[in-house]
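Okay, here's what each chain looks like letter by letter:
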Amino acid sequence: MADAPQIPDETEVRARWGAFAWTAENAEKAKSIIARYPAGRQRSAVMPLLDLAQRQVGAETQTQGWLPVPVIEYVAAQLDMPYMRAYEVVTFYTMYNLVPVGRYHVQVCGTTPCLLRGSDDVMAACKNRGMTKGKTTPDGLFTLTEVECMGTCTNAPMVQINDDNFEDLDYDSMTRILEALAAGEQPKTGTQNPKRLTSDPEGGPTSLKDMVSANHDYRKEW
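Residues numbered from 1 in each chain as written. Predicted model: local features only at pLDDT ≥ 70, side-chain atom pairs only at ≥ 80, totals over all residues. Heavy atoms only, no water.

Draft legend 1. Unusual backbone geometry, seen in detail. Note that the residue after A156, namely P157, is joined by a cis bond; omega there is -5°. Here P157 is to be found in the loop between β2 (142–147) and β3 (159–161). Of note, the phi angle at N162 is positive, near 55°, even though the residue is not glycine. Looking at the secondary structure, you find N162 in the loop between β3 and β4 (164–167). (Helix = DSSP H or I, 4+ residues; strand = E, 2+ residues; numbered from the N terminus.)

Draft legend 2. Geometry of the domain arrangement of the chain. According to the domain assignment, the chain contains domain 1 (11–92) and domain 2 (104–191). Put simply, the middle of domain 1 and the middle of domain 2, counted by C-alpha atoms, are 27 Å apart. (Domains from an automatic or database assignment.)

Draft legend 3. Molecular detail of helix α3 (residues 46–61). End to end, α3 covers 22 Å across 16 residues, agreeing with the expected 22 Å (1.5 Å per residue, within 8%). All buried positions along α3 are accounted for by V46, L49, L50, D51, L52, A53, Q54, Q56, V57 and G58. (Expected span 1.5 Å × (residues − 1). Buried < 20%, exposed > 50% of the residue type's maximum accessible area, 1.4 Å probe, protein only.)

Draft legend 4. The side chain of Q56, seen in detail. Locating Q56 in the fold gives a position in helix α3. Here N26 takes part through its side chain, which lies 2.8 Å from a polar atom of the side chain of Q56. Aside from chain neighbours lying at most four places away, what touches Q56 is F20, A21, W22, T23 and N26. (Polar contact = N/O pair within 3.5 Å; in protein donor to acceptor, adjacent residues only side chain to side chain. Contact = heavy atoms within 4.5 Å.)

Draft legend 5. Representation of the environment of A27 within the structure. Tracing the chain through its elements places A27 in helix α2 (residues 24–34). For A27, a relative accessible area of 30% gives the class partly exposed.

Draft legend 6. Representation of a negative patch on the surface in the model. Side chains of D120, D121, D170 and D172 sit close together on the surface and give a patch of like negative charge. Tracing the sequence through the fold places D121 in helix α7 (residues 119–128). Residue classification places D121 among the partly exposed positions, given a relative accessible area of 42%. (Patch = residues over 30% accessible without salt bridge, like charges linked within 9 Å, V, L, I, M, F, W, Y side chains within 5 Å. Areas by Shrake-Rupley, 256 points an atom, 1.4 Å probe, with all protein chains shown as cover. Salt bridge = Lys/Arg side-chain N within 4 Å of Asp/Glu carboxyl O. Lys, Arg positive; Asp, Glu negative; His and termini not counted. Charge placed at Lys NZ, Arg CZ, Asp CG, Glu CD.)

Draft legend 7. Spatial organisation of the UniProt feature "binding site: [2Fe-2S] cluster" (unreviewed entry) in the chain. Here, UniProt's "binding site: [2Fe-2S] cluster" (unreviewed entry) annotation points to C109, C114, C149 and C153. The largest pairwise C-alpha distance within this set of annotated residues, which runs over 45 residues, is 9.6 Å, so the set is compact in three dimensions. If you trace the backbone, C109 turns up in strand β1 (residues 104–109). Using a relative accessible area of 3% as the deciding quantity, one classes C109 as buried. Residues contacting C109, with those up to four places away along its chain left out, are C114, S119, V147, E148, C149, M150 and M158. Mapping C153 onto the fold places it in the loop between β2 and β3. (UniProt positions renumbered as here; feature names shortened; annotations may be inferred.)

The structure is reproduced here in structure tokens:
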């Protein structure tokens, strides 16, 4: 558990976030989200509201965002649900952060397909950039987390950085992505393999070949 997140001091957290409230813009968004659900079923909005709250915290702190306890309590109160029910959601999904993170939250998949395809090299690129699992770099730029499968096994290994997926990685491509982010640039998202489009086979189609003629690029249909 050496890389387990360290929950911040509650007194400090409540002093900073105890008065959390939606911005005017987010209050309208929250109202719109809740309206998607039938009367009496507003608790179903807990996941998108938690995400919205995390993004608001991120905007205020110039990070990817996280969910302090008072913020979770605020969302639970708005939905008239016990705080613990909302907390259970936050602790189940890795999309929610229980501790402060950096501007870029680097989540490396370490599940079997990614492991077999080189996730150790991806992790090495992160560590050579000064990252440690479960920690944020001293400059506040990167937080490194190892997570379970994120459903991109075809293009393994992959990482998710904030809202973007980066796939078909190796040591060099991961290093380039991190360098671009550190320089304030937006690296290419999705597959980093120039021979692949989205998740199609590297060498072209392997089935339904009769639908593909020599003069027709099937990929333009996608």
